[in-house]
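Residues per chain, in single letters:
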2 protein chains.
Amino acid sequence: MNPKFYDLPQERKQAILNAGFHVFSRNTYKKSPMSEIAEAAGISKSLLFHYFHNKKELYLFLWDTCAKITVEEMTRSGAYEQNDLFGSMDYGMQAKLRLMKKYPDIGLFAVRAFYEKDPEISADIQKSMGKYLDAHAAKKLGKLNPDDFIPGIDLYMMYREMYWASEGCLWEYIQRGALDTDAMEKDFRRLLDFWKSVYLRNNREK
Amino acid sequence: MNPKFYDLPQERKQAILNAGFHVFSRNTYKKSPMSEIAEAAGISKSLLFHYFHNKKELYLFLWDTCAKITVEEMTRSGAYEQNDLFGSMDYGMQAKLRLMKKYPDIGLFAVRAFYEKDPEISADIQKSMGKYLDAHAAKKLGKLNPDDFIPGIDLYMMYREMYWASEGCLWEYIQRGALDTDAMEKDFRRLLDFWKSVYLRNNREK
DNA sequence: AATAGCGTTGACCGATACGGTTAACGGAGG
DNA sequence: CCTCCGTTAACCGTATCGGTCAACGCTATT
C-alpha cells in the first residue's frame, strides 16, 4: 500500500474509505469491482490502483482501518472506564453514532467482512479477528452487583437483550439509507430509559 | 414464468428457490448471476431459463413466493389468533424457525429485496410491499391490557425490544452458518421466560 | 423398430465488465 | 523551458454476463 495515501487531505481519504466500505458491504468480495469503488470515491480507477496495488490489499487495508477506527472511537468515548452498565452502554452507543456519521457503511462492512468466505481473503480476515471480539462484555457482566437490579433477574439474558435491542435499533436506521443521527440518538435514549425503568431495583420501589 | 415449474417434485422446487434466495441475498440484483443460481440448485443454466424466462421474472417470483410462504406459515402457526402476547410471540417464533429450516436464506433475502434499489426491479418490489408490512403489531399493541404488566411500563418500547431481541437471536444463529434449530428453540424459550419474569406484573409479586 | 414428445443439457453468441498496466496529460516550481 | 508528480484516458487479455439453440437421451405410443 502506497504511503502517499496518508498524505492525502482528510476529506479525500475519507471519501475513498467510505467508497470501499460501501461497495464491499453490498456485494461479495469477488463481485465488488475496483472501478465502482473509484467512481464512488470520485477518482479514477488508475489512481485507486496507484494507492493500493491490488484489490486484496485495499480490502485488507479497509478491514484493518475499520478495526482500528472502531477501537479508537470506543476507547476515546470512555465507555470502557464507566462502571455503571447503562452509562457504559450510553457512551458506547454515542461512540457508534459518531462513527456511523463519519463512515456510514462501516458497520455493514464489518459484518460482511466477518462472514466473508472467499478463499483469497478469508484466512487473512480470520487471523486478525481478535481485535474485534469484545472481551469487555464478559468482564462487565461479572462485575455487576445483583442488588442493583430487580430480584431474581437473569443478568446474562438482560445483557444479551440490551445488546440485541441496541443493535436492532441501529440496523433499523442503517438499512433505511441516509441516517438521521439525531432521531437515532433520541430513539436510543428512550431505549436506555426503558431499560432503567424495567431492570433497575430502585426504580421499582417508587 | 413457466407453469411446469409447479409440477416439479417438491425437492427440486425447493432446491431452486433456496438457490435463488441464497445468491440474491448475498449480492446486488445486478451482480447475482443466473449461472450461479443454477449451479447452486444443481441444474443447468438452460433449464433455469426454461422455467423462468429471464432474471427479473425469477427475482420477482422469489419475492412473491417469499411473501406468500411467510404469510402462510405465520397464519398456520396460530400466532395471530393467540390473545396472550407472549404466546403469540412464541408461536410466531416457532413458525419462523420452521421456515428457516426449510428455506435457510429466506430471511436474508427478504431484507435485501426490501432495500434493493436497482431501477429494474425496485419499483415492482415497492408495489407489492404491502403483503410484508406487519399490520398485526399495531393491533396487538392496542389490545394489550396495561394491568397485566408492571406499572408504568412503556408498552411500545417493550414490544420493539422484544422484536429486536428475537430478531437478533435469530440472526446470531443464521450468520453462524448451519443452524441448530434445537439449540435455537431452547435459547428462545429462555428469552420468553426472561420477558415474562421482567415485564409481567403477577410475576413481580411472588 | 420407428416415431413423437419432453425434460434436460453443452455449446455457443455478442456484449460487457473485470483487474491491472501504460503512456501521456497538465499544472506547479525552478 | 524543463522537471516533477498527481492524475487520468485508453488500452489489454481474459472472464463473465443474460439469453438462445440445437441436440441428446429417455419414455410412451404406434
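So, here is what we can say about the structure in this document. The shown structure was predicted, so the numbers you read here are calculated from the model rather than taken from an experiment. (Residues numbered from 1 in each chain as written. Chains lettered and ligands numbered in written order. Predicted model: local features only at pLDDT ≥ 70, side-chain atom pairs only at ≥ 80, totals over all residues. Heavy atoms only, no water.)

1. Concerning the protein's contact with DNA strand C
- Contacts to DNA strand C come from 17 residues, most closely from P33 and K45 of chain A together with R12, S46 and Y51 of chain B.
- The sugar-phosphate portion of DNA strand C accounts for 48% of its atoms within 4 Å of the protein, the bases making up the rest.
- Separating a phosphate oxygen of DNA strand C from a side-chain N or O atom of S35 of chain A is a distance of 3.3 Å.
- Between K4 of chain B and DNA strand C, the recorded distance is 3.3 Å, taken from a side-chain N or O atom to a phosphate oxygen.
- Within the residue set of the surface near DNA strand C, elements represented by two or more residues are α3 (34-41) and α4 (45-51) of chain A together with α4 (45-51) of chain B.
- The leading source of residues in the surface near DNA strand C is α4 of chain B, at four residues. (Near = heavy atom within 4 Å. Polar contact = N/O pair within 3.5 Å; in protein donor to acceptor, adjacent residues only side chain to side chain. Helix = DSSP H or I, 4+ residues; strand = E, 2+ residues; numbered from the N terminus.)

2. Re the protein's contact with DNA strand D
- The immediate surroundings of DNA strand D are formed by 17 residues, with R12, S46 and Y51 of chain A together with K45 and K55 of chain B found nearest.
- Backbone sugar and phosphate groups make up 49% of those atoms of DNA strand D lying within 4 Å of the protein.
- Here S46 of chain A contributes a side-chain N or O atom positioned 2.5 Å from a base nitrogen of DNA strand D.
- Within the side chain of K45 of chain B, one N or O atom sits 2.4 Å away from a base oxygen of DNA strand D.
- Secondary-structure elements contributing two or more residues to the surface near DNA strand D are α4 of chain A together with α3 (34-41) and α4 of chain B.
- Of the residues forming the surface near DNA strand D, the biggest block, four residues, is contributed by α4 of chain A.
- Tallied by class, residues from the surface near DNA strand D come to five nonpolar, seven polar and five charged. (Nonpolar A, V, L, I, M, F, W, Y, C, P; charged D, E, K, R; others polar.)

3. Side note on the interface of chain B and chain A
- At the junction of the two partners, chain B supplies 33 residues and chain A supplies 34 residues.
- Summed over both partners, the interface of chain B with chain A comes to about 3,100 Å²; 51% of that surface belongs to carbon and sulfur atoms.
- For the pair chain B and chain A, the number of links is 16 residue pairs in polar contact (both at pLDDT 80 or more).
- Those elements giving two or more residues to the side of chain B that touches chain A turn out to be α7 (106-115), α10 (155-176) and α11 (181-199) of chain B. (Contact = heavy atoms within 4.5 Å. Buried area = accessible area lost by both parts, 1.4 Å probe.)

4. Brief notes about the relation of the copies chain B and chain A
- Screw-axis analysis of chain B against chain A gives a translation of 0.1 Å along the axis, an RMSD of 0.2 Å, and a rotation angle of 180 degrees. Expressed as an axis order, the relation between the two copies is that of a two-fold axis. In terms of C-alpha distance to the rotation axis, chain B has N27 of chain B as its closest residue, with the C-alpha 2.3 Å off the axis.
- Taken together, the interface assignments show that 100% of the residues at the interface of chain B recur at the interface of chain A, consistent with an identical surface on both copies. (Least-squares fit on C-alpha atoms with pLDDT ≥ 70 in both.)

5. A short note on the packing of helix α11 (residues 181-199) of chain A against α11 of chain B
- Close contact between α11 of chain A and α11 of chain B brings their axes to 10 Å; oriented N to C, the two are set at 75 degrees. Between α11 of chain A and α11 of chain B, the interaxial angle falls into the category roughly perpendicular. Of the residues in α11 of chain B, those touching α11 of chain A at F194, V198 and Y199 of chain A are F194, V198 and Y199 of chain B.
- Broken down by class, the residue content of the contact of α11 of chain A with α11 of chain B amounts to six nonpolar, no polar and no charged. (Axes fitted to C-alpha atoms, helices over the stretch in contact; angles between N-to-C directions. Parallel < 35°, antiparallel > 145°, perpendicular 65-115°, else oblique.)

6. Describing the nonpolar core
- If you look at the biggest cluster of nonpolar residues, it comprises 62 residues, and the most contacted ones within it are W195 and Y199 of chain A together with W195 and Y199 of chain B.
- With residues near it in sequence (within four places) discarded, Y199 of chain B still touches E161, F194, V198 and Y199 of chain A together with F86, F149, I150, I153, M158, E161 and M162 of chain B. (Core = buried A, V, L, I, M, F, W, Y, C linked by side-chain atoms within 4.5 Å. Buried < 20%, exposed > 50% of the residue type's maximum accessible area, 1.4 Å probe, protein only.)

7. Some details on the side chain of D105 of chain A
Residues and elements named next belong to chain A.
- For D105, the location among the structural elements is in the loop between α6 (85-102) and α7 (106-115).
- The exposure class of D105 is buried, given its relative accessible area of 11%.
- Ignoring sequence-local partners within four residues, the contact set of D105 consists of N18, F21, H22, S25 and R26.

8. Overview of the side chain of S122 of chain A
- Note on placement: S122 of chain A falls in helix α8 (residues 122-127).
- Not counting chain neighbours up to four residues away, the residues in contact with S122 of chain A comprise E116 and K117 of chain A.

9. Some details on α7 of chain A
- Taken residue by residue, α7 of chain A has I106, L108, F109, A110 and A113 of chain A as its buried positions.
- Contacts from the buried residues of α7 of chain A go to α2 (10-26), α5 (55-77), α6, α8 and α10 (155-176) of chain A.

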